[in-house]
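Residue-level listing of the chains:
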Amino acid sequence: MVLILPAAITCTVTHRDFRWKIPNTGILEFDYVSTERPPPNADPIHTDYMFELMSELARKNVSEAEKLEFLQGYAVEEHFSTDQVAKIARMFQEPKSRVDAVVMLHRKVIDLENFLRVMMETLSEPPVLLLKCMGSTGQVRQV
C-alpha cells in the first residue's frame, strides 16, 4: 500500500524502543504480511513441483518481476519448509527481490521456528531489509 502524504500531517510512531517521526511529505509505504498459518499437518511442496519452480526461476531471460509473479502462483497453493524458502530466495539477484520472495512465502512456511535463523544465514544483504518488512508483525522472532 502506498499513501501520498499531504504537507499538513504531523505524526510520530512509537513502538517499544523505537520512535520515528513520519515525514511531512512524500510517499509512505506499507508491507502487508498475513498472519494466517498452514494447518499443523501441512506438507512442504512436493519435490517434483519444487524442481519445476526452481527451473523456472533459474531462467536467465526472465526479469525478477516476472519471477516474483510466477512464484505468486505457487505461494497461493503450496506450503514450504524454511530451507525451501532459502533456496528460492537465492534464485533472485536483487536484494529487494529476495526479500519480496521471502515475505511472499512467509505465511506458507511450515517450520516457522527455523525461519529467522535460516533467513539471516541465507540473505546476503543486511537483515534490516527483511526485518523492516516483517519485524513488527510478531511473526519473526530472533532466537
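All values derive from a computational prediction rather than experimental measurement.

Calculation notes
Residues numbered from 1 in each chain as written. Predicted model: local features only at pLDDT ≥ 70, side-chain atom pairs only at ≥ 80, totals over all residues. Heavy atoms only, no water. Helix = DSSP H or I, 4+ residues; strand = E, 2+ residues; numbered from the N terminus. Buried < 20%, exposed > 50% of the residue type's maximum accessible area, 1.4 Å probe, protein only. Contact = heavy atoms within 4.5 Å. Expected span 1.5 Å × (residues − 1). Core = buried A, V, L, I, M, F, W, Y, C linked by side-chain atoms within 4.5 Å. Salt bridge = Lys/Arg side-chain N within 4 Å of Asp/Glu carboxyl O. Axes fitted to C-alpha atoms, helices over the stretch in contact; angles between N-to-C directions. Parallel < 35°, antiparallel > 145°, perpendicular 65-115°, else oblique. Left-handed = near helix turned anticlockwise from the far one by under 90°. Nonpolar A, V, L, I, M, F, W, Y, C, P; charged D, E, K, R; others polar.

Novice: Run through the overall build of the chain, naming residues and quoting values.
Specialist: When helices and strands are tallied, the chain shows six helices and four strands. Counted from the first residue to the last, the chain has its helices and strands arranged as β-β-β-β-α-α-α-α-α-α. The burial tally for the chain puts 38% of its 143 residues in the buried class. Restricting the contact set of the chain to residue pairs at least 6 apart, pairs at least 24 apart contribute 68%.

Novice: I'd like a rundown of helix α4 (residues 95-106), residues and numbers included.
Specialist: The first and last C-alpha atoms of α4 sit 16 Å apart over twelve residues, in line with the 16 Å expected at 1.5 Å per residue. Within α4, nine of the twelve residues are buried, which leaves the element mostly enclosed by the surrounding structure.

Novice: Explain the nonpolar core to me, using residue names and the numbers behind them.
Specialist: Ranked by internal contacts, the top residues of the largest apolar core, which has 25 residues, are L53, L71, F80, I88, F92 and M119. Mapped onto this core, the elements with two or more residues apiece are α1 (47-57), α2 (64-77), α3 (82-89), α4 and α5 (115-122). In contact with F80, other than residues within four places in its own chain, are P44, I45, L53, Y74, A75, V85, I88, L105, K108, V109, I110 and D111.

Novice: Just give me the short version of the pattern of salt bridges, but keep the residues and values in it.
Specialist: The final tally for this structure, using the stated rule, is two salt bridges. A salt bridge links E56 to R59; the nearest nitrogen and oxygen atoms lie 2.6 Å apart. In this structure R59 comes out as partly exposed when scored by relative accessible area, which is 36%. Here K96 ties to D100 by a salt bridge, and the two come within 3.1 Å at their closest N and O atoms. Note that K96 and D100 are positioned in helix α4 at a spacing of four residues, about one turn of the helix. Exposure remark for K96: the relative accessible area of 57% places this residue in the exposed category.

Novice: Break down the packing of α3 against α5 for me, citing the residues and quoting the values.
Specialist: Two elements in contact, α3 and α5, have axes separated by 9 Å at closest approach and are oriented at 25°. With respect to α5, the element α3 is oriented roughly parallel. At the point where α3 passes α5, the crossing takes the right-handed sense. Together, T82, D83, V85 and A86 of α3 and F115, V118, M119 and T122 of α5 make up the contact between the two elements. Broken down by class, the residue content of the contact of α3 with α5 amounts to five nonpolar, two polar and one charged.

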